[in-house]
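# A look at the structure
Given next are the chains, with one letter for each unit.
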Amino acid sequence: MGRITARWPITKVSVAQSSAHRVDVLAVEEPLEVRIAGQPLVVTMRTPGHDVELAAGFLVSEGIIARGEQFRGAIHCGGPGGGGGENTYNVLDVSLAPDVRLPGREHARSFYATSSCGVCGKASIDAVHTVSTYALTGDDTVVDAAQVAELPEMLRAAQAVFDKTGGLHAAGLFDAQTGELLVLREDVGRHNAVDKVIGWALLEDRLPLRGTVLQVSGRASFELVQKAVMAGIPVLTAVSAPSSLAVQLARDSGLTLVGFLRGQTMNVYTHPHRIDNPLEPLEQSVRA
């Protein structure tokens, strides 16, 4: 079944019934070390697949690159030291354009990210407040509320690996006008799924992602808002709750943030002018 999923023997236990032995399908989680010109940059836990997109999206999210021509290529290489050994496809060496300014060692925050943590250090938080190539304040994207309400179901219907494992997050990029699903990526880490989407856009020379909506399968954390802002995505929608820091960053950056998107209802936390609802609101939201 490939390295995206793995089979594992389990004992199925049901209360008041006999146990049974069976095989379960798991989502694979393995480390990926990203290097730039042979120098280690980051280690992240991810679901193998679309590794080049993951690396490219991470570099966009960190503000290291912003345009497709800055990403020259990437190749999987051997084990520690880069001198060979078995190629486990868990080390990726990236080539960037000569004019790209690389992060200094003082900004390297150990560069280890778990599958649940994509922004683990002060350097990233400071950077997103001060550096963003694409301004969202002038983005006039408007999306119909009824269309937004359909996004979670469309995302779920396209999650092929989740159907097998039940253990993956998903991020889907939709065209705000047509509602077309442009790309969907799955991963054990929600931030990795978003980085893969952004990396796809970079490699397809689509940045900034004006006129799009990013739908995610879980909550709207600060790190996901950061990544959307860095890619020029004007609208981020999530099925669960946002954090307070995510809302603050979305407000300050000009991003429309939607949470608790379930059925026909949603909470619009910031910049509601991009959500077109023909019905008058029943009550005015409390201002922060």
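Residues numbered from 1 in each chain as written. Predicted model: local features only at pLDDT ≥ 70, side-chain atom pairs only at ≥ 80, totals over all residues. Heavy atoms only, no water.

### Some remarks on helix H1 (residues 51-61)
What counts, and what does not: Here the term buried applies to any residue with accessible area under 20% of the maximum for its type, exposed to any over 50%, and partly exposed to those in between, with areas from a 1.4 Å probe on protein chains only. Counting from the N terminus, the helices are DSSP H or I runs at least four residues long and the strands are E runs at least two residues long.
Burial within H1 is extensive, with 10 of its 11 residues counted as buried. Taken as a whole, H1 has its buried residues at Asp51, Glu53, Leu54, Ala55, Ala56, Gly57, Phe58, Leu59, Val60 and Ser61. Gly63 occupies a position one or two residues after H1 and carries a positive phi of about 75°.

### Digging into the pattern of salt bridges
Note the following rule: The term salt bridge refers to a side-chain nitrogen of Lys or Arg lying within 4 Å of a carboxyl oxygen of Asp or Glu.
Scanning the model with the defined rule gives seven salt bridges in all. Its salt-bridge partner being Lys227, residue Asp195 comes within 3.1 Å of it at the nearest N-O pair. Pair noted here: Asp195 is in helix H5 (residues 190-203) and Lys227 is in helix H6 (residues 222-230), with a separation of 32 residues, a long-range link. A single burial state applies to Asp195 and to Lys227, both of which are buried. The partner of Asp252 in a salt bridge is Arg251, and the shortest N-O contact between them spans 3.0 Å. A relative accessible area of 44% means that Arg251 is categorised as partly exposed.

### What about the sheet that holds strand E9 (residues 169-175)?
Note the following rule: Two strands are said to pair when DSSP picks up at least two bridges between them. Helix axes are fitted only over the stretch in contact, all axes being lines through C-alpha atoms; the angle between N-to-C directions runs from 0 to 180 degrees. Two residues qualify as a contact provided that any one of their heavy atoms is within 4.5 Å of a heavy atom in the partner residue.
Pairing is mixed in the open sheet, where six strands are placed in the order E10-E9-E11-E12-E13-E14. The open sheet is flanked by strand E10 (181-187) and strand E14 (265-270), the only strands paired with a single partner. Each neighbouring strand pair of the sheet contributes to a mean axis angle of 20°, computed without reference to strand direction. With five bridges joining them, E9 and strand E11 (residues 212-216) adopt antiparallel strand pairing. Across the sheet, the residue bridging to Asp175 is Thr212, located in E11. Its contacts with the sheet put helix H3 (residues 145-157) on E9, E10, E11, strand E12 (235-238), strand E13 (256-262) and E14, and the angle it makes with E9 is roughly 140°.

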